[in-house]
Amino acid sequence: MLEQILSPANLNAAYRRVLRNKGAGGVDEMEVESLKDYLIDQKEVLIASILAGNYRPNPVRRVLIPKEEGKQRQLGIPTVVDRVIQQAIAQILSPIYDKQFSPHSYGFRPKRSSHQALQRCQQYITEGYENVVDLDLEKFFDTVNQSKLIEVLSKTIRDGRVVSLIHKYLQAGVIAANKFETTTTGVPQGGPLSPLLSNIMLNELDRELESRGHRFVRYADDLVIFCKSQRGAARTMESVTRYIERRLYLKVNRQKSTVSYITKVKFLGYSFYKIKGEGRLRIHPKSVEKMHNKLRELTSRSNGWGNARRKESLRLYITGWINYFRYADMKKLLLKTDEWYRRRLRMVLWKQWKLVRTRYRHLMKLGINRSKAWEHANSRLGYWHLAGSWVLQVSVSNEKLSEAGYLFLTDCYLAARKLN
């Protein structure tokens, strides 16, 4: 298997994938642009050292990225050379393991998506499974038991050299604040191998849940189990937690793990409800809040952006957001949001006009009569108050904002629903 991983065709495919993904350099500061020249000079030496078992991966560079509620997630950025090798390993192992993976697993797998996971949830709700065990694995990627993972890998991978190479990557260590730290537990997030390794580890849990006859959906380390009754869900929470901690040596976050009715659950940014016996999707309030905060940021009066940049940033964000949440029932929510969002755009424009004479000239040009235009241009009321006035709503109408190139959530949502 190791020879297959190091074959020219597989390594070239891995190199192209790493080049396409770009990304920052690792601890050696080599960027992807320098990778081609390095591989031309050192490829044979690199392959020989791996085959001989002498290769030692570099430590990963630790990067902290913000999460919700002010928390941070640790990412480990491998060097670009190590990314090529990891990608080469993943390309050979993925087809082998994907055949073993559960049909209830949707994350980091080819031809599977978060939308398919959500549709499976709807199916269970329609079938009457309305109580949910929402299990939170505490710092999953940081707490994976490496010995257990190697044991699981060895069941399928018969080439001990490949298992040994993966083990070296797990134990390569990290550089954080210019200090080296050992990694005796966990799978560093950030490399091409970590998604596959996480699925291999959690496939053990999937198979256990299947053997117990549970209806469940897993996307990476997000897991929801659907039950008929609240009592049954509570029993399931207790027994599955016991299995995870005693057999897989992972830790369940009991504060975040809950037994809830479907309307209280947050899964992949969505929540659920049931109408006329059918499971339906809606957006979770935290996702709505996050969207409002992002629109507030993109329509800030103080970011110094020109209108062209603002329109493009809003277009990209709204298109991406609607594309992800298009399966939710949210027309009323979006109509209300658009009303607020348009008022923020009018507020930005009012601030841009600045001077009294500039405001007066623009209002006149937009059809406001002379006295009202002069009165409004001289107003000392705040930006937000004036943005909601009938004068600005008439002069900078919804139609004019659309003609100017601003994209609105409701229009984008209705267009996306027609395509589904």
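Please refer to the structure placed before this passage.
Residues numbered from 1 in each chain as written. Predicted model: local features only at pLDDT ≥ 70, side-chain atom pairs only at ≥ 80, totals over all residues. Heavy atoms only, no water.

Considering the side chain of Ser194
Phase 1: Here Ser194 shows up in helix H9 (residues 194-211).
Phase 2: With a relative accessible area of 6%, Ser194 lands in the buried category.
Phase 3: A distance of 3.0 Å separates a polar atom in the side chain of Ser194 from the backbone oxygen of Gly191.
Phase 4: When residues no more than four places from it in sequence are discounted, the contact partners of Ser194 are Phe141, Val187, Pro188 and Gln189. (Helix = DSSP H or I, 4+ residues; strand = E, 2+ residues; numbered from the N terminus. Buried < 20%, exposed > 50% of the residue type's maximum accessible area, 1.4 Å probe, protein only. Polar contact = N/O pair within 3.5 Å; in protein donor to acceptor, adjacent residues only side chain to side chain. Contact = heavy atoms within 4.5 Å.)

A short note on the packing of helix H11 (residues 285-298) against helix H12 (residues 307-325)
Each packed pair of helices is defined by two parameters, the angle between the axes and the distance between the axes.
Phase 1: The N-to-C vectors of H11 and H12 enclose an angle of 170°; their axes lie 10 Å apart at closest approach. Judged by the inter-axis angle, H11 sits roughly antiparallel to H12. Across the interface between the two elements, Ser287, Lys290, Met291, Lys294, Leu295 and Leu298 from H11 touch Arg310, Ser313, Leu314, Tyr317, Ile318, Trp321 and Phe325 from H12.
Phase 2: Residues that form the contact of H11 with H12 fall into these classes: eight nonpolar, two polar and three charged. (Axes fitted to C-alpha atoms, helices over the stretch in contact; angles between N-to-C directions. Parallel < 35°, antiparallel > 145°, perpendicular 65-115°, else oblique. Nonpolar A, V, L, I, M, F, W, Y, C, P; charged D, E, K, R; others polar.)

Description of a negative patch on the surface
Phase 1: Residues Asp28, Glu29, Glu31 and Glu33 make up a contiguous surface patch of negative charge.
Phase 2: Of note, Glu33 is situated in the loop between helix H2 (8-21) and helix H3 (35-51). (Patch = residues over 30% accessible without salt bridge, like charges linked within 9 Å, V, L, I, M, F, W, Y side chains within 5 Å. Areas by Shrake-Rupley, 256 points an atom, 1.4 Å probe, with all protein chains shown as cover. Salt bridge = Lys/Arg side-chain N within 4 Å of Asp/Glu carboxyl O. Lys, Arg positive; Asp, Glu negative; His and termini not counted. Charge placed at Lys NZ, Arg CZ, Asp CG, Glu CD.)

Digging into the sheet that holds strand E1 (residues 60-66)
Strand pairing in a sheet takes place through backbone hydrogen bonds and is either antiparallel or parallel in direction.
Phase 1: Taken in spatial order, the four strands of this open sheet run E2-E1-E4-E5, and their pairing is mixed. Only two strands of the sheet have a single neighbouring strand rather than two, namely strand E2 (72-77) and strand E5 (179-181). Averaged over all pairs of adjacent strands, the angle between strand axes in this sheet comes to 40°, irrespective of strand direction.
Phase 2: For strand E4 (residues 174-176) and E5, the ladder comprises three bridges, and the chain directions are antiparallel. Looking across to E5, one finds that Ile175 is bridged to Phe180. (Pairing = 2+ DSSP bridges.)

Comments concerning unusual backbone geometry
Apart from glycine, the bulk of residues carry a negative phi angle, and the bulk of peptide bonds sit in the trans form.
Phase 1: Even without a glycine there, the phi angle at Lys22 is positive, about 55°.
Phase 2: We note that Lys139 has phi near 45°; this positive angle belongs to a residue other than glycine.
Phase 3: For Lys139, the position within the fold is in the loop between strand E3 (131-136) and helix H6 (140-143).
Phase 4: Given a relative accessible area of 59%, Lys139 falls into the exposed group.

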